[in-house]
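# Chains, contacts and geometry: an overview
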Amino acid sequence: TAASPDPRTDCSREGLRKAVLDNLFYATGHAQENAARGDWYTAVAYTVRDRMLKAWVQGIERIAADGDVRCVAYLSAEFLIGPQLGANMLALGITEPMREALASLGQDLDAIVFHEPEPGLGNGGLGRLAACFMDSLATLGVPAIGYGIRYEFGMFRQAIEDGAQVELADKWLRRPFPWELPRGGQQYEVRLGGKTHMETAPDGTLRVQWTPAKTVTACAHDIPVVGHGGTHCNLLRLWRAEAVEAFDFSTFNAGEYFSSVHDKIFSETITKVLYPNDDPYQGKQLRLGQQYLFVSASLQDMLHIHHSLGKPLETFHTTFAIQLNDTHPAVAVAELMRLLVDVHGMDWDTAWSVTTQTFAYTNHTLLPEALEKWPLPLFAEVLPRHLEIVYEINRRFLESVTAAHPEDPDLARRLSLIDETSPRFVRMAHLATVGSKAVNGVAALHSELLKRDVLGDLAAFFPEKFTNVTNGVTPRRWLALCNPALAACISNRIGTRWQDHFEEEIIRLEEFADDPDFQAQWQAAKLTNKQRLTHLAKTILRVELDPAALFDVQVKRIHEYKRQHLNVLRVIALYNRLRRNPGMDFVPRAVIFGGKAAPAYYLAKQIILLVNRVAEVVNTDPAVAGRLRVAFVPNFNVRSGQVIYPAADLSQQISLAGKEASGTGNMKFGINGAVTIGTLDGANVEMRACVGEENFFLFGLTTDEVQAVQRAGYSPAAHLEGNPELAEALDQIRSGVFSRGDAGCFRPLVDNLLHRDEYLVLADFASYMDCQDRAARTYADPAAWTRMSILNVARLGMFSSDRSIREYCRNIWNVPVE
Ligand code: DL6
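Residues numbered from 1 in each chain as written. Predicted model: local features only at pLDDT ≥ 70, side-chain atom pairs only at ≥ 80, totals over all residues. Heavy atoms only, no water.

Among the 15 residues in the neighbourhood of the ligand, the closest are listed as H364, N471, E660, S662 and G663. Here D326 contributes a side-chain N or O atom positioned 3.4 Å from a nitrogen atom of the ligand. At 2.6 Å, a side-chain N or O of H364 approaches an oxygen atom of the ligand. Here the ligand loses 89% of its free accessible area of 430 Å² to cover by the protein chains. Broken down by class, the residue content of the shell around the ligand amounts to five nonpolar, eight polar and two charged. When we break the shell around the ligand down by domain, the ones giving at least three residues each are domain 1 (66-83 + 118-471 + 806-813) and domain 2 (475-707 + 759-799). (Near = heavy atom within 4 Å. Polar contact = N/O pair within 3.5 Å; in protein donor to acceptor, adjacent residues only side chain to side chain. Areas by Shrake-Rupley, 256 points an atom, 1.4 Å probe, with all protein chains shown as cover. Nonpolar A, V, L, I, M, F, W, Y, C, P; charged D, E, K, R; others polar. Domains from an automatic or database assignment.)

Scanning the model with the defined rule gives 23 aromatic pairs in all. Measuring from centroid to centroid gives 5.5 Å for F518 and W522, while their planes differ by 50 degrees, and the two rings are tilted. Here W522 and F518 lie together in helix α22 (residues 516-541), a separation of four residues that amounts to about one turn. Put simply, the rings of Y74, F79, F133, Y808 and W813 touch in pairs and so form one group of aromatic residues. Lying over the aromatic face of F266, K214 brings its terminal NZ or CZ to 5.0 Å of the ring centre. In this structure, R639 is placed above the aromatic ring of F114, and the distance from its NZ or CZ to the ring centre is 4.8 Å. (Phe/Tyr/Trp six-rings, centres within 6.5 Å; stacked < 30°, edge-to-face > 60°. Helix = DSSP H or I, 4+ residues; strand = E, 2+ residues; numbered from the N terminus. Lys NZ or Arg CZ within 6 Å of the ring centre and 35° of its normal.)

The biggest cluster of nonpolar side chains holds 146 residues, and the ones touching the most others in it are V48, L75, I322, F379 and W813. Among residues more than four places away in sequence, those in contact with I322 are A73, L75, L299, M302, F316, T358, F359 and A360. One finds Y561, F586, A657 and Y768 within the second-largest nonpolar core, a separate group that totals 71 residues. (Core = buried A, V, L, I, M, F, W, Y, C linked by side-chain atoms within 4.5 Å. Buried < 20%, exposed > 50% of the residue type's maximum accessible area, 1.4 Å probe, protein only. Contact = heavy atoms within 4.5 Å.)

Here the focus is the sheet that holds strand β10 (residues 320-325). Read from one edge to the other, the open sheet built from nine strands follows the order β5-β8-β9-β2-β1-β10-β11-β15-β16, with strand pairing classed as mixed. Taken across any chain shown, the strands that pair with only one partner, and hence form the sheet edges, are β5 (181-192) and β16 (466-468). Strand-to-strand twist across the sheet, computed as the mean angle between neighbouring axes with direction ignored, equals 25 degrees. Bridging between strand β1 (residues 71-75) and strand β2 (residues 144-149) involves four bridges; their strand directions are parallel. When the sheet's bridge partners are listed, Y74 is paired in β2 with G146. Contacting β10 and β11 (359-362), helix α12 (residues 348-358) runs over the sheet at an angle of about 40 degrees to β11. Each of β1, β10, β11, β15 (438-441) and β16 touches helix α34 (residues 801-813); the most contacted strand, β10, lies at about 115 degrees to it. (Pairing = 2+ DSSP bridges. Axes fitted to C-alpha atoms, helices over the stretch in contact; angles between N-to-C directions.)

With that out of the way, let us pick up the packing of helix α23 (residues 564-580) against helix α24 (residues 602-620). Orientation of α23 relative to α24, taken along the N-to-C sense of each, is 15 degrees, at an axis distance of 10 Å. Judged by the angle between their axes, α23 and α24 are roughly parallel. Helix-helix and strand crossings are classified by hand; for α23 and α24 the assignment is left-handed. Contact residues: α23 offers Q564, H565, V568, V571, I572 and Y575, while α24 offers I607, L610, V611, V614, V617 and V618. Here the contact of α23 with α24 is built from residues that sort into ten nonpolar, two polar and no charged. (Parallel < 35°, antiparallel > 145°, perpendicular 65-115°, else oblique. Left-handed = near helix turned anticlockwise from the far one by under 90°.)

What the domain assignment reports for the protein is domain 1 (66-83 + 118-471 + 806-813) and domain 2 (475-707 + 759-799). Each of domain 1 and domain 2 was reduced to a C-alpha centroid, and the two centroids are 35 Å apart. The interface is formed by 43 residues belonging to domain 1 together with 50 residues belonging to domain 2. Applying the counting criterion to the domain 1 and domain 2 interface returns four salt bridges. Where domain 1 meets domain 2, there are 22 residue pairs in polar contact (both at pLDDT 80 or more). Going through the elements one at a time, α6 (125-139), β3 (157-161), β4 (164-168) and α17 (444-454) are the ones with two or more residues in the side of domain 1 that touches domain 2. It is α6 that contributes the most residues to the side of domain 1 that touches domain 2, seven residues altogether. A per-class count over the side of domain 1 that touches domain 2 returns 17 nonpolar, 15 polar and eleven charged. (Salt bridge = Lys/Arg side-chain N within 4 Å of Asp/Glu carboxyl O.)

The following block contains the structure:
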């Protein structure tokens, strides 16, 4: 007789049913009759996790045992992984049997999946990119470890109270997180503060000794990242800070009960909370501590793995290719030098050669103010030994600069790792560039502008290092999982291979772009998704959307350069048109916003308030009669994104040209069939080239035009003269029409637009309005619009993160990939 299937790996409907019941009882302590939704979630999650463990353990073994294959270590302060259950079932191919198993128990899989709290371990694009990359690495079978921080509180939860953003703590660990395994065996000591001195080593050489002020323990928590098909599993290893000694008995015995746990409190604070970006860096001692903790623990872990392979230390770079995701982990350059030179006694030149063959650095911003730099006194206080190492790297580097370019005596100042303006700073982007063998931007335009402007001097000095890898998103989560209706429609025509061969396969949809049957199915899928979002808007916002309206969506972080206020000005202008002429021919629109503002970013918070106040007026005006609706979806995150992207008809990518590094929301909208209205910024440029200019609504100044306007002296108010719609909208905002009569409410925002307008909102307004009108006219022709929508999806194959990862493997990491 055949052996009975293993109850922990059996993926049949019956096997899953039994396992869920088993876990329900033994993991949650509940019988079926009195289990709540959260208990069912836990039971299903454990059932799925069991089925991942074999591949997981094999993945770890492969990394720890095969020294011939270079392992990718992706160092990122953020991994915005999103809900795990649905994605893991999709990867294992057990969604349908699980759905049936649960249905037989009277449970709805979708409701359980939607119940899952999401670990908000990232701010936005950068952290989500890291998660898409982990998915692609696993799917392509590339051994990889993502190293990051296990924040106890992730990105704040955004509530909207009376139109304004309110920040609430994100207690994502309130219930146990079933997807992680704490690894007691993987703990490393990390030092902070103190001072250094010279000491003679036993071999007679002088060595620097670092006596830290504090030592904390970094503890590993592993999350599996299973590739599509379930055969390959990689690792996300997140570090949590813990006190070396939880409790100081001597202080306790002296009667100082509170002080006895002081150290524990201090240590655990390090990984307590994720910092929102767009905040000034100065004074964030704890943030430098966070960065150093995860970098140091990760490098110690890699050295441990390398050592266990029995390979000599000089070959460390053949075991690991380390990618620095922005500058947040850039202190790794100095830390690897410290570990090799101070701890392992390697000579400086060999250590530098190993270091510079190990690291590569991805830049993610074009905003000069977002380039990370640390005040020297703060850096010296937290990392005294690293500052010495940075000085030594800099001394040698600047010697080579001066030797190569004696004709440019100012070059050393511009390239230096130290910004000498007062107060002095360590320039992390310079440290990352000098210590890496490759530096890349994340879209073609971004990489060009990095070379030309932001890191121009460094790029001229190291031309061979600079390259581009355009971002991508995983078609598993961002199409197959989030949009089952469209995924089914696609698979019915071209099969399911597009899920892991997106670029190759999705293009085959092109031939159906004009097929009436296919168009009807496509429209039906979009309608299903719009109904899903309509339901969400109704339940959480009490806003009635009309699924037949054009769903026009802008979801992303709220920032002046992303220009949500340009979008609002447009809404006000449309509103005025409708009010003036209620009988006009008007394509009904639902304008949907979502996104968080950094808590200290005043103008971004004013923009959120303005959206909500405009919604209040527009949505209740009988003259509008529901033809224009405005909604702000609170707490935009991966989970709500999975509902919002699939429902969009029009994707708003309207940042000022030359400011958005890439954008990845643009790609998520695009592969879900939204047509883009956008500027020539970030990856929009490449997306437009792929889909064809006739399938993209382009407006606005180009990067060069922006620079020319700014050079000539930009006068925002001049744009009001020929544009009464714009003047009227600003006047209404200023006079209190959208602030319940309070004329002072939006004054800072309006004054900023009239007198400064750094992001040229007023300059681009007319072009944006014209383009919006073109989009509305096209939408009124369903066949033409649906054709555009299909062609957008069919031609966006290159924006799969699988393609990005292949490029990293071939051009940067030198790692074999299929
Ligand atoms: O590369 C991922 C993502 C880009 O798509 C966005 O354009 C860019 O704004 C974002 N950058 C950041 C910068 N944070 N820092 N530093 O989040 O990266």
